[in-house]
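The chain contents come next:
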Amino acid sequence: MTVSRRRLLAVASAFSLGVAAGLPAMAQEPYPSRPVHIVVPYAAGGSTDQLARAIQPAMAEFLKQPVIVENKAGAGGMIGTEFVTKAAPDGYTLVFGNSGPNAILPLLRKTPYDPVKDLRPVSTVAITPMILAIGANNPAKNLKEFLAQAKKSGTQWNFGSVGTGSLSHLTGEYFNTLAGLELTHIPYKGGAPMMMAFGGGQLQAAFVTGLDGAAMLQAGKVRYVGVGTPQRTPVVPDLPAIAEEVPGFRSVAWFGVLAPSGVPDAVADKLHDAVVYAVARPEVQKMFAVRNIVARSSTPQELAGMIRDEMAQWDKVAKKSNIRLD
């Protein structure tokens, strides 16, 4: 049977119109329609991982889709963060970021991503002061005594960090400069070994988050003597602000959710609403509070501003202390 040219053209035209008619429906697929993945750029069980998993159930409830937390550790958070910057900007791959890979690491080494250009802030999840912890056997009973004795001890006293170039490291160097101290830096490979060094009497001091220090504090291995917020904070109500004795001192850690740049506004707004919902849940608020952390959401603009401010602050410290990772 012979099919005329006119008939072929009519069939082709009808097919083209059908495909075209289907395109808007595909483009308007509701978000989310499949699981959302949150990448934690650190090993499972750490402080960042714990916070990400704390908001996971409530985010899934709000989005009505599974929310899967994945750990992609390595290079101080750089590997997992880079993975997300290279992901499709569709809202299905996010990173649970913090000060390290999103504000400090790019100041200290060449990174395969630009934290400002390649990521879109969604919201903070938590804010916590860096807390000055000292060994339980330290003769100082408070911040004022610690400063006086540290000045006398010179380089014989030390401070630990969770790694060279980490927030705890830069905070210690910043503290040295502003307080006129010479505490010797000792880096460890993570919070757990650093806190174990306290228990062994190998450390005089370290700047920790409430999550890192909680177990050792409860075990009586360390004492807290000051917080890095500019003023006293109800998060750790019995402690003075370090700025009371060391004017101008400030060190605060944040944790939050970011998406690849290019994520559509509507998707970013939905994700923001999901994080806000999760952070406001009573169980999340309680879990954070017992760990000396404030559960706090923010606007994307506030998180972006926080990252810019941190980069400006720690860039000065890194240059003054000659801290590089390359």
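Keep in mind the model is a prediction, meaning the values are calculated, not measured.

Trainee: Account for the nonpolar core, naming residues and giving values.
Mentor: Residues L132, F146, F175, L183, I242 and W314 are the most contacted members of the largest nonpolar core, which totals 43 residues. At the level of elements, α4 (99-108), β4 (119-129), β5 (131-135), α5 (143-153), α6 (167-179), β8 (205-208), β10 (252-260) and α11 (300-321) are the ones that each hand at least two residues to this core. Considering every element that reaches this core, the biggest residue donor is α11, with six residues. Those residues within four positions of L132 in sequence are excluded, and the remaining contacts are L143, F146, F175, A205, A206, F207, R223, Y224, V225, G226 and I242. The next biggest cluster of nonpolar side chains, apart from the first, holds 36 residues, and it includes Y31, A58, Y92 and V284.

Trainee: Describe the sheet that holds strand β6 (residues 158-161), and please don't skip the residues or the numbers.
Mentor: Sheet strands line up and pair through hydrogen bonds in the backbone, either parallel or antiparallel. Pairing is mixed in the open sheet, where five strands are placed in the order β7-β6-β8-β5-β9. In this open sheet, the two strands that pair with only one neighbour each are β7 (184-187) and β9 (222-227). Each strand of the sheet is rotated relative to its neighbour by a mean of 30°, with strand direction disregarded. Inspection of the sheet shows β5 paired to β9 by five bridges, in the antiparallel sense. Across the sheet, residue I134 finds its bridge partner in β9, namely R223. Packing against the sheet, helix α8 (residues 210-218) makes contact with β5, β8 and β9, and its axis sits at approximately 145° to β9.

Trainee: Any details on the packing of helix α7 (residues 191-199) against α8? Residues and values, ideally.
Mentor: At a minimum axis separation of 10 Å, α7 and α8 run at an interaxial angle of 30°. With respect to their mutual orientation, α7 and α8 come out roughly parallel. Between α7 and α8 lies a crossing of right-handed hand. Along its contact with α7, which presents G191, M195, F198 and G199, the element α8 presents D212, G213 and M216. In terms of residue class, the contact of α7 with α8 is built from three nonpolar, three polar and one charged.

Trainee: Which residues make up the pattern of salt bridges, and what values go with them?
Mentor: The tally for this structure, following the rule as stated, stands at seven salt bridges. The salt bridge involving D315 is made with K319; its shortest N-O contact spans 3.1 Å. Taken together, the residues D315 and K319, both in helix α11 and four residues apart, mark about one turn of the helix. Since its relative accessible area comes to 63%, K319 is described here as exposed.

Trainee: Quick one: what's the story with α5, residue by residue and with numbers?
Mentor: An α-helix turns once per 3.6 residues; consequently, residues spaced three or four apart project the same way. Within the sequence span of α5, burial applies to L143, F146, L147, A150 and S153. Looking straight down α5, one finds its buried side chains confined to an arc of 130°; they lie on one side. Across from the buried face of α5, at angles greater than 90 degrees, the exposed residues are K144, K151 and K152. Elements that come into contact with the buried residues of α5 comprise β5, α6, β8 and β9. For α5, the N-terminal cap is N142; the gap from its side-chain oxygen to the backbone nitrogen of K144 is 3.2 Å. Immediately downstream of α5, the backbone of G154 shows phi near 60°, a positive value.

Trainee: Which residues make up the pairing of β4, and what values do they have?
Mentor: Within β4, ten of the eleven residues are buried, which leaves it mostly tucked inside the rest of the structure. Across two bridges, the pairing between β4 and strand β11 (residues 294-295) is antiparallel. By the bridge assignment for β11, A126 is matched with A295.

Trainee: I'd like to hear about the environment of T85, residue by residue, with values.
Mentor: One can find T85 in helix α3 (residues 78-85). For T85, a relative accessible area of 15% puts it in the buried group. With 188 residues separating them in the primary sequence, T85 and D273 have C-alpha atoms 21 Å apart. A polar contact is formed between the side chain of T85 and the backbone oxygen of E82, at a distance of 2.7 Å.

Trainee: Kindly report on α7, identifying the contributing residues and their values.
Mentor: Buried within α7 are the following residues: G191, M194, M195, A197 and F198. End-on, the buried residues of α7 take up no more than an arc of 150°, which puts them together on one face. Turned more than 90 degrees away from the buried face of α7 sit A192 and M196, all of them exposed. Turning to α7, the residues buried within the fold contact β5, β6, β8, α8 and β9.

Trainee: An account of the pairing of β6 is requested, with residue identities and associated values reported.
Mentor: Judged by which residues are buried, β6 turns out to be covered on both faces: N158 and G160 on one side and F159 and S161 on the other are all buried. In this sheet, β7 lies alongside β6 in parallel orientation, the contact comprising four bridges. From the neighbouring strand, S161 faces β7, where its bridge partner is P187. Handedness of the β6-α6-β7 crossover: right-handed. Where β6 meets β8, two bridges bridge the pair, whose relative direction is parallel. Among the inter-strand pairings, G160 is bridged to a residue of β8, identified as A206.

Calculation criteria
Residues numbered from 1 in each chain as written. Predicted model: local features only at pLDDT ≥ 70, side-chain atom pairs only at ≥ 80, totals over all residues. Heavy atoms only, no water. Core = buried A, V, L, I, M, F, W, Y, C linked by side-chain atoms within 4.5 Å. Buried < 20%, exposed > 50% of the residue type's maximum accessible area, 1.4 Å probe, protein only. Helix = DSSP H or I, 4+ residues; strand = E, 2+ residues; numbered from the N terminus. Contact = heavy atoms within 4.5 Å. Pairing = 2+ DSSP bridges. Axes fitted to C-alpha atoms, helices over the stretch in contact; angles between N-to-C directions. Parallel < 35°, antiparallel > 145°, perpendicular 65-115°, else oblique. Left-handed = near helix turned anticlockwise from the far one by under 90°. Nonpolar A, V, L, I, M, F, W, Y, C, P; charged D, E, K, R; others polar. Salt bridge = Lys/Arg side-chain N within 4 Å of Asp/Glu carboxyl O. Arc of directions from axis to C-beta. Polar contact = N/O pair within 3.5 Å; in protein donor to acceptor, adjacent residues only side chain to side chain. Right-handed = clockwise from strand over helix to strand, strands pointing away.

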